[in-house]
Amino acid sequence: MEAYQGHAEGLHSRCACGGQYQFVTIVLTLPDAHLPRAVVRNVPAEICDCCGETLFSMPITVRLMQVLHGNAQPDDVLITPVYDLNHNTSIG
Ligand SMILES: [Zn+2]
């Protein structure tokens, strides 16, 4: 995960590959110390339309770190089904 300084210089700037950054909102899936993964919704980010390089502004990066490494209660919890094919019962 990379961060850029300031907002204006990052907005719709050019990626090293020559592509244009698009300002979008994404669902971010990251490894987390407490859970297998954490999904962060509504993350303002810029994604290169060519190579997919993703940039976050510094305030957003700080907020992501606070959310992922702090004690904040999640707004929602996903239940992930786990199937074990060694288990001797039929599935679905
Ligand atoms: Zn690019």
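Computed from a prediction, not measured in an experiment: that's the story for all the values here.

Asks: Looking at this model, I keep getting lost on the overall build of the protein. Mind explaining?
Replies: The helix and strand tally for the protein stands at 1 helix and 4 strands. Beginning at the N terminus, the succession of helices and strands in the protein can be written as β-β-β-β-α. Counting the 92 residues in the protein, one finds 4% classified as buried. A sequence separation of at least 24 residues applies to 51% of the contacts in the protein between residues at least 6 apart.

Asks: Mind showing me how you'd approach the pairing of strand S3 (residues 38–48) here?
Replies: For a regular strand, the rule is simple: side chains alternate between the two faces of the sheet. Across 2 bridges, the pairing between S3 and strand S4 (residues 54–57) is antiparallel. When the bridges of S4 are listed, Glu46 appears paired with Leu55. Here S3 folds back onto S4, and the loop between the two strands holds 5 residues, one of which, Gly52, carries a positive phi near 85°.

Asks: Quick question: what am I supposed to make of the confidence of the model for the protein here?
Replies: Predicted coordinates in regions of low pLDDT should not be interpreted in detail. Confidence in the prediction for the protein averages 76 pLDDT; 72% of positions are at 70 or higher. Mean pLDDT across the elements of the protein ranges from a minimum in strand S1 (residues 2–4), with 55, to a maximum in S4, with 88. Per-residue pLDDT stays below 50 along residues 5–10; that stretch engages in 7 contacts with residues further than four places along the chain or on separate chains.

Conventions and cut-offs
Residues numbered from 1 in each chain as written. Predicted model: local features only at pLDDT ≥ 70, side-chain atom pairs only at ≥ 80, totals over all residues. Helix = DSSP H or I, 4+ residues; strand = E, 2+ residues; numbered from the N terminus. Buried ≥ 20, exposed ≤ 12 C-beta atoms within 10 Å, placed from the backbone. Contact = placed C-beta atoms within 7 Å. Pairing = 2+ DSSP bridges. pLDDT = per-residue confidence, 0-100.

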